[in-house]
Amino acid sequence: QVQLVESGGGLVQAGGSLRLSCTASGRTYRIRSMGWFRQAPGKEREFVAAITWASGSTRYADPVKGRFTGSRDNAKNTVYLQMNSLEPEDTAVYYCAASGVVNSPYGHDYDNWGQGTQVTVSS
């Protein structure tokens, strides 16, 4: 069992920044990558970003490329999502997730999910 705890969401004006954190605990030894997904009102859950634990290699969905940056601190079992130049379209509940697959954009490849954190971007 893996537990994922997220933090860092909040309310920010368009053009502002937030940094999300996700800390993993429990049986983490089989995790190969961590992903970020979001779900906005009227939309299905969508892939945002992913990062590989071993190398730090990242993958981003097209809407966030150039604005969001993923990173990780292996010693702390924590991954981060730095979100810059936020837009109202980024408003959603953001979820982190753990996967045995490297940087998959598909939700079915993730085995454990965080509780979600609300990000609201005002215009």
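Everything below is about the structure shown above.
Report on the accompanying structure. (Residues numbered from 1 in each chain as written. Predicted model: local features only at pLDDT ≥ 70, side-chain atom pairs only at ≥ 80, totals over all residues. Heavy atoms only, no water.)

**Some remarks on the pattern of salt bridges**
Next up, step 1: Enumeration over the complete set of coordinates arrives at 6 salt bridges.
Next up, step 2: Residues aspartate 62 and lysine 65 are paired through a salt bridge, measuring 2.9 Å at the closest nitrogen-oxygen approach.
Next up, step 3: Through salt bridges that share partners, Arg38, Lys43, Glu46, Arg67, Glu87 and Asp90 make up one connected network. (Salt bridge = Lys/Arg side-chain N within 4 Å of Asp/Glu carboxyl O.)

**Quick word on unusual backbone geometry**
Next up, step 1: Phi at asparagine 77 takes a positive value of approximately 50 degrees, unusual for a residue other than glycine.
Next up, step 2: Within the chain, asparagine 103 stands out as a residue other than glycine whose phi angle is a positive 55 degrees.
Next up, step 3: Along the polypeptide, asparagine 103 turns up in the loop between strand S9 (92–99) and strand S10 (110–113). (Helix = DSSP H or I, 4+ residues; strand = E, 2+ residues; numbered from the N terminus.)

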